[in-house]
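# Coordinate analysis (summary)
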Amino acid sequence: MQKRSWLLYGLLASPLASCQCETNLSNLPQPKAVLSHEDKSTPPESHLTVAMAPVLLGETGQVSLQLRNEGDATLEVGNVVLKSDPELCPQASANFAIAEPAPNGGARKAQVAVGANIPVTVRFHPSTGAPECATLVVQSNDPEHAELKAVITSKGDAPRLCVDKVLVDFGDVQVGQTKQETVTLSSCGTRPISLASLSTNNFFPPFAHDPVTLPAELAVGQQLPLTVHFSPTEAGVYNQATGRAGVISLTSEAGEVYQITLEGRGLAPPSCILDVSPAAITFGTVTDGQPRTQDVLLTNLGELGCTLSAVEVRAPAGPFSVALLGMNVGDQVAPQQVATARVTFTPGGNTGSFTGTLDVRSDDPVRPELSVALEANIPGDDGCQIIVDPAALNFGSVPVNTMRTLPINVQNISSEFCFINGVNMAAGSDPAFVDTASNFGLIPAGGTKVITVGFRPTTAGFFTGTLNISTNDSDSPDFAVALTGRTGQAGICVQPRHLDFGVVNTPTTQEFQVSACGATSVTVNALDFTQPDAEFTVAQAPTLPFTLDPGQAQTVRIQYAPADQDGDTAVLTVRSNDPAAPAIDVTMTGGPEIVPPSAGRYLYYWQIPSIVGGDVMKFPLQGATTPDPFWGPRTGKQCAGCHSVSPDGKYVAVTESAFMRFVEADTGLELILGDQFTDPQYFSWRPDVNTNPPYQFAYATGNIIKIAALYDGFLRELEGAADTSVIQTMPSWGTNGKIAFVRGNQAAQSSNGNGFGVEGPTDILLVDEDGGVPELVVGASANGKGNYYPQFSPNALWIAFTQSAAAQSTIAAEDAQIRLVRADNSGTVLNLPTLNGTAGDGANSYSTWARDGTFLSFSSNRSGGMGDWDIYLAPVDPVTGADSAATNVADLNTSAFEHAAQWSP
């Protein structure tokens with residue numbers, strides 16, 4: 001069998017076998033078909049066009065073509081038909097027909113001898129004066145042209161009307177306005193046409209036409225203009241799809257009907273469109289006699305300003321009152337702007353249930369009067385009773401790609417347990433609104449849960465949305481919070497935002513400026529101390545309110561008159577009508593200070609007071625230096641640990657259990673964004689927060705290092721620090737575009753510190769921020785020691801790190817000491833003997849740089865402390881690395897375990 005197959009293959013593949021199977025077809029006789037009419041014939045690869053003379057209506061004309069055989073073999077003719085052709089004649093007229101077959105077999109199923117021809121006759125019986133066509137197709141056995149085509153055209157010798165626009169689309173026309181178009185009617189037949197009548201359909205209004213005198217006769221070629229109009233009386237679409245198109249029908253004396261269709265879209269004219277939210281406000285049960293407030297948002301969704309003619313509580317007002325914030329009745333709410341009406345319920349000596357109505361009147365042409373139902377102390381069903389405050393949120397103006405977060409208080413006013421079952425954005429809400437709420441679950445009797453919602457516009461515009469809150473409230477379990485926001489840069493600037501008086505013995509003044517730094521005027525209506533201190537006063541300020549035109553500025557002078565030797569802090573808030581920055585804080589400090597403001601304004605540090613858990617604390621470095629809990633059990637959160645402050649001081653990333661929380665530094669509000677960053681261990685922000693995407697960071701998880709962004713979540717694994725066979729942890733992102741990190745033996749994962757530590761020798765490596773091949777840091781690697789906790793200096797000249805000669809665990813090694821190594825990999829290492837103190841007197845670890853690089857903070861359990869590991873500060877030259885003696889930060893240290901200080905501007 002194998003030999004036979006090879007033999008067969010050889011025969012098939014041999015040149016001889018191939019040649020014996022070939023036949024030269026080109027030498028055989030072939031027919032050749034040609035269609036002709038008078039002196040024209042079908043050109044190769046084309047078609048013939050035959051124009052018949054016009055034919056009188058009621059009569060029949062014909063045209064004859066010749067099918068000729070110019071080949072050297074008999075031509076066999078197949079089908080001969082008239083039909084449509086997409087290119088030559090898309091719509092074949094039924095008024096054309098092929099005549100009966102000619103003698104000698106005719107043109108159907110005929111044979112044509114060499115040199116002979118047969119006629120193909122087409123007849124035309126017109127019914128109108130309109131041009132008509134049909135395509136004649138002749139099929140044959142011609143091997144090169146199996147089909148021949150001839151396009152036959154003609155028209156009736158009769159009157160005919162041509163309309164240059166059978167469809168008139170007026171486009172968008174505002175209600176109350178008129179747009180007109182001209183339609184040209186022309187006599188395009190071979191005889192004059194008489195127009196007998198004109199009619200319109202039932203949907204003709206709001207369409208109209210100029211008068212036309214009928215009957216009218218148009219000579220051949222004569223034109224008649226017809227002017228048509230569109231005057232919408234209401235907004236809407238007028239077209240064939242909606243059944244609201246206008247139709248003009250013109251009828252000739254011969255009974256022919258010609259139609260013109262009119263379409264358009266009516267647009268509401270620019271106007272004020274005022275929306276008021278929420279539709280109802282409940283103040284719950286007020287038993288303490290204290291006033292309660294809720295805000296109502298007056299949003300202008302129109303294109304013209306809305307003038308407010310009344311914002312009042314309908315009489316009898318009872319304990320309800322209302323006040324406009326930042327404006328007065330008679331003022332305008334600009335297009336796509338929001339005004340706030342603050343409703344106050346003041347029970348006073350009144351008892352019982354109360355209902356009322358807030359009336360809002362404006363020049364909105366559609367809804368000039370709007371109302372909001374008010375109620376308080378309304379008896380409810382037994383069970384959970386909840387009020388949501390505020391019931392509407394206005395984010396004001398927020399720059400594109402910037403997040404603003406606002407809180408919503410969900411309060412349990414009953415004696416029963418309440419639950420927040422879920423929070424979600426309602427369908428139709430703009431995606432610029434972000435559900436950042438995470439604080440679900442139990443609300444004890446009389447308690448309050450704070451949930452948040454964010455606004456991050458990615459394009460310019462005005463945005464609306466609704467946040468739905470589901471609860472177990474026995475009366476109304478579902479709450480809807482109206483959301484509004486827009487884009488825009490702040491039009492007001494306040495500089496500087498921090499006045500540091502330092503230590504002075506006599507009254508001293510400093511100034512800040514308020515300027516209109518945008519394109520519009522700004523009105524400043526208040527300067528009030530939101531955190532007062534009697535030693536700070538306004539020494540000089542313009543009369544309030546005052547308005548600044550673009551480019552103008554006013555000076556506010558502050559006096560500090562110290563009355564004692566203590567540090568002092570006050571906050572003055574500048575309030576204006578600027579939608580992007582309606583309230584700007586100016587912080588002022590005086591008296592003894594821990595470090596100058598250039599080094600940092602705050603320290604965030606980890607304090608572990610007991611086995612209950614740790615808290616992240618916030619400690620001011622100037623003024624009144626009293627630490628406050630920022631995140632942890634003392635603020636109602638879970639145990640908090642490692643943390644990192646964004647370079648601009650806006651956000652603090654906090655490790656809570658197995659998750660990373662992102663918290664606004666000024667408000668304490670948590671953001672739930674993007675990836676949840678489960679099991680984070682160490683964290684470092686990119687020094688430049690204004691990248692694309694913004695607020696990037698590196699974090700260690702699962703023994704590798706990943707790159708993510710605050711708003712956008714996980715981006716990528718860091719190439720060069722993603723080897724799963726080893727431990728890669730403790731990233732530090734430098735201003736030189738490098739990331740330092742620690743690499744250790746995976747088998748040496750420490751049980752101490754819940755797996756966060758590494759035992760045995762560890763190395764510090766550098767890798768490009770975009771990833772690549774890492775390199776060992778000379779002087780902080782390959783030395784058999786534990787080298788860990790790397791921290792780039794702000795100028796990227798140095799890397800501060802902890803070194804354990806015994807290579808004990810990176811968690812509280814007994815021989816830990818602070819070192820500096822040159823970041824250029826020259827191998828220079830500084831042992832910092834002054835900073836580290838007396839040899840053998842405790843350990844020093846976890847160093848971090850001040851914002852200007854002039855100090856190092858670190859933790860130490862040396863003698864003379866407060867009882868456990870304490871935080872110390874030591875001056876360091878940021879260029880030479882020269883160190884000075886460390887000082888215990890006594891105002892923040894306690895007998896608890898304080899460490900991991902992070903500096904904030």
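Parameters and conventions
- Residues numbered from 1 in each chain as written.
- Predicted model: local features only at pLDDT ≥ 70, side-chain atom pairs only at ≥ 80, totals over all residues.
- Heavy atoms only, no water.
- Helix = DSSP H or I, 4+ residues; strand = E, 2+ residues; numbered from the N terminus.
- Buried < 20%, exposed > 50% of the residue type's maximum accessible area, 1.4 Å probe, protein only.
- Contact = heavy atoms within 4.5 Å.
- Lys, Arg positive; Asp, Glu negative; His and termini not counted.
- Charge placed at Lys NZ, Arg CZ, Asp CG, Glu CD.
- Pairing = 2+ DSSP bridges.
- Patch = residues over 30% accessible without salt bridge, like charges linked within 9 Å, V, L, I, M, F, W, Y side chains within 5 Å.
- Areas by Shrake-Rupley, 256 points an atom, 1.4 Å probe, with all protein chains shown as cover.
- Salt bridge = Lys/Arg side-chain N within 4 Å of Asp/Glu carboxyl O.
- Phe/Tyr/Trp six-rings, centres within 6.5 Å; stacked < 30°, edge-to-face > 60°.
- Core = buried A, V, L, I, M, F, W, Y, C linked by side-chain atoms within 4.5 Å.
- Disulfide = S-S within 2.5 Å.
- pLDDT = per-residue confidence, 0-100.
- Polar contact = N/O pair within 3.5 Å; in protein donor to acceptor, adjacent residues only side chain to side chain.

This paragraph deals with the overall build of the chain. Helices and strands together make up the secondary structure of the chain, namely three helices and 72 strands. Burial analysis of the chain (905 residues in total) assigns 47% to the buried set. For the chain, contacts bridging at least 24 residues in sequence account for 63% of all contacts bridging at least 6. Averaged over its 45 positive side-chain charges, the chain has a centre that lies 8 Å from the centre of its 89 negative ones.

We now examine the sheet that holds strand β68 (residues 844–849). Taken together, four strands build an open sheet; the order of strands is β68-β69-β70-β71 and the sheet is antiparallel. Every interior strand has two partners, whereas the edge strands, β68 and β71 (887–888), have only one. Direction of pairing for β68 relative to strand β69 (residues 855–860): antiparallel, over a ladder of four bridges. Bridge pairing in β69 places Asn844 opposite Ser860.

Okay, a nonpolar patch on the surface next. Together, Phe417, Phe419 and Leu442 line one region of the surface with nonpolar side chains, adding up to about 290 Å² of accessible area. Overall, Phe419 belongs to the partly exposed group, its relative accessible area being 38%.

What follows concerns unusual backbone geometry. Omega for the bond connecting Leu214 with Pro215 falls within 30 degrees of zero, at 0 degrees, which places this linkage in the cis form. Within the fold, Pro215 resides in the loop between β16 (207–209) and β17 (216–218). The residue after Asp389, namely Pro390, is reached through a cis peptide bond having omega 0 degrees. Tracing the sequence through the fold places Pro390 in the loop between β31 (386–389) and β32 (392–398). Although it is not a glycine, Ala812 sits at a positive phi angle of roughly 55 degrees. As for its position among the elements, Ala812 is in the loop between β65 (798–804) and β66 (817–822). For Ala812, a relative accessible area of 44% corresponds to the partly exposed category.

Another aspect to go through is the packing of aromatic side chains. Counting across every chain of the model gives 34 aromatic pairs. Aromatic pair Phe662 and Phe697: ring centres 5.5 Å apart, planes at 40 degrees, arrangement tilted. Here Phe662, found in strand β54 (residues 659–664), pairs with Phe697, found in strand β57 (residues 696–701); they are 35 residues apart in sequence, far enough to count as distant. The class for Phe697 is buried, based on a relative accessible area of 0%. Aromatic side chains Tyr789 and Tyr846 sit 4.5 Å apart centroid to centroid with 40 degrees between the ring planes, which places their arrangement in the tilted category. Here the residue Tyr789 occupies a position in strand β64 (residues 786–792), and Tyr846 occupies one in strand β68, the gap between them amounting to 57 residues. The burial state of Tyr789 is the same as that of Tyr846; both residues are buried.

What follows deals with the pairing of strand β28 (residues 338–345). Most of β28 sits out of view: seven of its eight residues are buried. In the sheet, strand β24 (residues 292–300) pairs with β28 via eight bridges, with the strands oriented antiparallel. In the sheet register, Leu298 faces β28, and the bridge partner there is Ala339. As paired elements, strand β26 (residues 320–325) and β28 share six bridges and run antiparallel to each other. In the strand pairing of β28, Val322 is matched with Val343.

Ranked by size, the top nonpolar core spans 27 residues in total, and within it Val296, Leu298, Leu308 and Leu358 carry the most contacts. Those elements that provide at least two residues to this core are β22 (274–277), β24, β25 (306–313), β26, β28, β29 (354–362) and β30 (369–376).

Our focus in this paragraph is the state of the cysteines. Counting across every chain of the model gives five disulfides. Linked covalently through their sulfurs, Cys493 and Cys517 form a disulfide whose S-S length is 2.1 Å. Judged by the sign of its S-S torsion, about 85 degrees, the cystine formed by Cys493 and Cys517 is right-handed. Highlighted residues: Cys493 in strand β40 (residues 492–495) and Cys517 in the loop between β42 (508–516) and β43 (522–531), separated in sequence by 24 residues. Taking the relative accessible area as the measure of exposure, Cys493 reaches 30% and is therefore partly exposed. Along the chain, the cysteines engaged in disulfide bonds are linked according to the scheme 1-2, 3-4, 5-6, 7-8, 9-10 when indexed in sequence order. With no disulfide of its own, Cys642 lies 10 Å from the sulfur of Cys639, the closest cysteine sulfur.

Here five strands make up an open sheet; going across it, the order is β2-β1-β5-β9-β7 and the pairing antiparallel. Whereas interior strands pair on both sides, the edge strands pair on one side only; in this sheet they are β2 (40–41) and β7 (96–98). Here two bridges tie strand β1 (residues 33–37) to β2, and the two strands are oriented antiparallel to one another. From the neighbouring strand, Ser36 faces β2, where its bridge partner is Ser41.

The next subject is the pairing of strand β10 (residues 131–140). Along β10, eight of the 10 residues are buried, which leaves the element largely enclosed by surrounding structure. Strand direction decides the pairing type here: strand β6 (residues 75–83) and β10, joined by five bridges, are antiparallel. The partner of Val80 across the bridge, within β10, is Val138. Looking at chain direction, β10 and strand β11 (residues 147–157) are connected through nine bridges and run antiparallel. Within β11, the position partnered with Ala134 by the bridge is Ile152. Once β10 ends, the chain turns through six residues before running back antiparallel as β11.

Here we take up the pattern of salt bridges. Applying the stated rule across the entire model yields 19 salt bridges. Across the pair Asp157 and Arg191 runs a salt bridge whose closest N-O atoms are separated by 3.1 Å. Of the two residues, Asp157 sits in strand β11 while Arg191 sits in the loop between β14 (179–187) and β15 (193–200), which places them 34 residues apart along the sequence. By relative accessible area, which is 36% here, Arg191 ends up partly exposed. A single network of salt bridges, built from pairs that share partners, joins Asp169, Asp172 and Arg265.

Moving on, we come to the side chain of Thr344. Summarising the element assignment, Thr344 is placed in strand β28. Residue contacts for Thr344: discarding those within four places in its chain leaves Pro291, Arg292, Thr293, Pro319, Phe320 and Ser321.

Attention now moves to the confidence of the model for the chain. Averaged over every residue, the pLDDT of the chain is 88; residues scoring 70 or more account for 92%. Long-range and interchain partners of residues 102–107, a stretch whose pLDDT sits below 50, account for 12 contacts in this model, where long-range means more than four residues apart.

What follows deals with the environment of Ala700. Summarising the element assignment, Ala700 is placed in strand β57. Each C-alpha atom, one on Ala700 and one on Ser684, is 9.2 Å from the other, the two residues being 16 residues apart in sequence. When near neighbours in sequence (up to four residues on either side) are disregarded, Ala700 contacts Asp679, Pro680, Gln681, Tyr682, Ile705, Gln728, Thr729, Met730 and Pro731.

In this fold, Thr625 is placed in the loop between β50 (613–620) and β51 (628–631). For Thr625, a relative accessible area of 16% puts it in the buried group. A C-alpha to C-alpha distance of 6.8 Å links Thr625 and Gly567, two positions 58 residues apart in sequence. Setting aside residues up to four positions removed in sequence, Thr625 forms contacts with Ile594, Phe619, Pro620 and Asp891. In this structure the side chain of Thr625 is engaged in a polar contact, spanning 2.7 Å, whose partner is the side chain of Asp891.

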